[in-house]
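Single-letter residue listing:
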Amino acid sequence: MPELAAHVRDVPVNQIREITELAWRTPGALVLSIGEPGFPLPRHVLDAGMACLDRDETNYTPNAGIPALREAFAARFREEQGCDVGADRVYVVAGAQQGLHLAMSLLLSPGDEILIPNPGYPTFAMTGRLLNAVPVGYPLYPDHGFQPRTEDLEALITDRTRVLVLNSPSNPLGAVLAGDLTRELMELARRHDLWVISDECYEAFTYDVPHISPARFDVGTPGEARVFTSLTLSKTYGLTGLRIGALVCPPELKQKMDNVMESIVSCVAAPSQYAALAALTGPQDYVQHASRHYRGNRDAASAILDSLGIPYLQAQGAFYLWADVSHVSGGDVRSWVRRFLADSGVALAPGTAFGSIGEGWVRIALCGRKQDLMEGLSRLPAREQHG
């Protein structure tokens, strides 16, 4: 058999999937390793998708998506971020991951470097490698609250650097970029003429702090816009399996966007688009309920970790807790989470799934049942027992 391409052979295993699939094969396991909202979908969203099928609207849609959905995404972005974004800049994509791939496909040539957070979501690196680009991790250190520092980024920029990836609220950290820092990062990108891909999958869930999109600071002379904003309805409305999101692009890219979209997926399935339209324009009870649930779970999980003496980063957004288990992981947290699953029946995502700085840490998903979360975390070894 001929060999696969080198850039495919070099894509690492996704350690989140690795432990989660092992947990799914473990009877009775408590799965706290994956971010899957657990609420029933709103009836009006389901009805909209089924009505599309009932009227046999199953043909191609425009590459960019149905006009009403593009406008709904744009209207929400204008309302929440105050950005002057028209529907012409919105591309409907098959989930945020396809949006990230689409953006990177537009921006990266073989050998180009893309700056990604460390710790950060694994597919930032995986997608870059699939495009023959070179992912370069910029450090998010515990001593600085896992926030990026412009001086660390500046030191990593070379003449091959093309793209800066920002993620707020952060998966896996739950950290949120403040407005002043976001402005600084945009100024850095402007100084070095970098594109910016902003992953805002969890923008609907912040706790006592605002979500501020880098797009707010994407201003300057005509033709200088540089931000691609990746949005999804997977987390906001629990539509993970419908694969629906949006990529908000700089202006005047329509023909290029159409060409690349056509070559990847042509268009998103019509039923998913109509379900998404109903989600965005209909009652928002689901989002409000989910936000209360995630905050309550965050507070309950924090109390358990406090009682066990386990340090963690207080989540300001998303629905994860980032916890330090270095007192038991022995310098190999990937192996430790497997042992913890085997011994205790609880699956946690190893911090090394998100980068080298994640060694000794785990990501805890807060989106499931509170009873499962509290029971699972109560099985963690207390820090005082391992001095």
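Heads up: the structure comes first, above all this text.
Remember, it's a predicted structure, so these values are computed and weren't measured experimentally.

Within the protein chain one finds 14 helices and 13 strands. On the principal axes, the C-alpha backbone points of the protein chain span a range of 60 × 55 × 55 Å. A total of 387 residues make up the protein chain; the buried ones form 56% of that total. As presented, the protein chain carries roughly 16300 Å² of accessible surface, and 52% of it is formed by carbon and sulfur atoms.

Here we come to the side chain of Arg70. Mapped onto the secondary structure, Arg70 falls in helix 4 (residues 67–81). No salt bridge is formed by the buried Arg70; its nearest oppositely charged neighbour, Asp88, is found at 6.5 Å. A polar contact is formed between the side chain of Arg70 and the backbone oxygen of Asp88, at a distance of 3.2 Å. With residues up to four places along the chain from it excluded, the contact list for Arg70 reads Ala64, Gly65, Ala87, Asp88, Arg89, Val90, Tyr91 and Val92.

For the rest of this paragraph, the subject is the packing of helix 2 (residues 15–24) against helix 13 (residues 333–344). As a packed pair, helix 2 and helix 13 sit with axes 11 Å apart at the nearest point and diverge in direction by 15 degrees. Considering the angle they form, helix 2 stands roughly parallel to helix 13. Read as a crossing pair, helix 2 and helix 13 show a hand that is right-handed. Here Gln15, Glu18, Ile19, Leu22 and Ala23 of helix 2 come into contact with helix 13, specifically with Arg334, Val337, Arg338 and Leu341.

This part covers the pairing of strand 8 (residues 245–248). Of the two faces of strand 8, the one holding Gly245 and Leu247 and the one holding Ala246 and Val248 are both buried throughout. Strand direction decides the pairing type here: strand 2 (residues 90–93) and strand 8, joined by four bridges, are antiparallel. Bridge pairing links Tyr91 to Leu247 in strand 8. Pairing analysis gives four bridges linking strand 7 (residues 227–232) to strand 8, with the strands arranged antiparallel. When the bridges of strand 8 are listed, Ser230 appears paired with Leu247.

It is at 10 Å that the axes of helix 5 (residues 95–107) and helix 9 (residues 254–264) come closest, and there the two elements cross at 125 degrees. In terms of orientation, helix 5 lies oblique with respect to helix 9. Viewed along their axes, helix 5 and helix 9 form a crossing whose handedness is right-handed. Residue-level inspection shows Gln98, His101, Leu102, Ser105 and Leu106 of helix 5 in contact with helix 9, the latter providing Lys256, Met257, Val260, Met261 and Ile264. Grouping the constituent residues of the contact of helix 5 with helix 9 by class yields six nonpolar, three polar and one charged.

Spatially, 9-10-13-12 is the arrangement adopted by the four strands of the open sheet, whose pairing is antiparallel. Each of the sheet's edge strands pairs with one partner strand only, and the pair in question is strand 9 (312–313) and strand 12 (349–350). With two bridges connecting them, strand 9 and strand 10 (residues 320–324) associate as antiparallel partners. Residue Leu313 lies in a different strand from strand 10, and its bridge partner there is Trp322. Lying on the sheet, helix 11 (residues 285–308) is in contact with strand 9, strand 10 and strand 13 (361–365); it crosses strand 10 at an angle near 10 degrees.

In total, this model carries 17 salt bridges according to the counting rule given. Note that Arg160 is salt-bridged to Asp112, the shortest N-O span being 2.8 Å. With Arg160 in the loop between helix 7 (150–156) and strand 5 (161–167) and Asp112 in the loop between helix 5 and strand 3 (113–118), this pair connects stretches of sequence that are 48 residues apart. For Asp112, a relative accessible area of 3% puts it in the buried group. Between Lys254 and Asp258 there is a salt bridge; the shortest N-O distance is 2.7 Å. Here Asp258 and Lys254 lie together in helix 9, a separation of four residues that amounts to about one turn. You can call Lys254 exposed: its relative accessible area is 54%. What emerges from the salt-bridge pattern is a single network uniting Arg76, Glu80 and Glu203.

Here seven strands make up an open sheet; going across it, the order is 2-8-7-6-5-3-4 and the pairing mixed. Taken across any chain shown, the strands that pair with only one partner, and hence form the sheet edges, are strand 2 and strand 4 (134–139). Pairs of neighbouring strands in the sheet enclose a mean axial angle of 25 degrees, with direction left out of account. Sheet analysis places strand 5 next to strand 6 (residues 195–199), joined by five bridges and oriented parallel. Paired with Val163 across the bridge in strand 6 is Trp195.

What follows covers a negative patch on the surface. A contiguous patch of negative charge, built from Glu151, Asp180, Glu184 and Glu187, is present on the exposed surface. Per element, the largest residue contribution to the negative patch is three residues, and it comes from helix 8 (residues 179–191). Among the secondary structure elements, Asp180 is positioned in helix 8.

Nonpolar side chains tend to gather and get buried jointly when the protein is soluble and globular. Core analysis: the largest hydrophobic core is formed by 95 residues, its most contacted members being Leu69, Ile197, Trp336, Leu348, Val362, Ile364 and Leu380. The element best represented in this core is helix 11, accounting for eight residues. When residues no more than four places from it in sequence are discounted, the contact partners of Leu69 are Val92, Ile244, Gln273, Ala276, Leu277 and Leu280. The next biggest cluster of nonpolar side chains, apart from the first, holds 30 residues, and it includes Leu153, Leu164, Ile212 and Trp322.

Conventions used here
Residues numbered from 1 in each chain as written. Predicted model: local features only at pLDDT ≥ 70, side-chain atom pairs only at ≥ 80, totals over all residues. Heavy atoms only, no water. Helix = DSSP H or I, 4+ residues; strand = E, 2+ residues; numbered from the N terminus. Buried < 20%, exposed > 50% of the residue type's maximum accessible area, 1.4 Å probe, protein only. Areas by Shrake-Rupley, 256 points an atom, 1.4 Å probe, with all protein chains shown as cover. Lys, Arg positive; Asp, Glu negative; His and termini not counted. Salt bridge = Lys/Arg side-chain N within 4 Å of Asp/Glu carboxyl O. Polar contact = N/O pair within 3.5 Å; in protein donor to acceptor, adjacent residues only side chain to side chain. Contact = heavy atoms within 4.5 Å. Axes fitted to C-alpha atoms, helices over the stretch in contact; angles between N-to-C directions. Parallel < 35°, antiparallel > 145°, perpendicular 65-115°, else oblique. Left-handed = near helix turned anticlockwise from the far one by under 90°. Pairing = 2+ DSSP bridges. Nonpolar A, V, L, I, M, F, W, Y, C, P; charged D, E, K, R; others polar. Patch = residues over 30% accessible without salt bridge, like charges linked within 9 Å, V, L, I, M, F, W, Y side chains within 5 Å. Charge placed at Lys NZ, Arg CZ, Asp CG, Glu CD. Core = buried A, V, L, I, M, F, W, Y, C linked by side-chain atoms within 4.5 Å.

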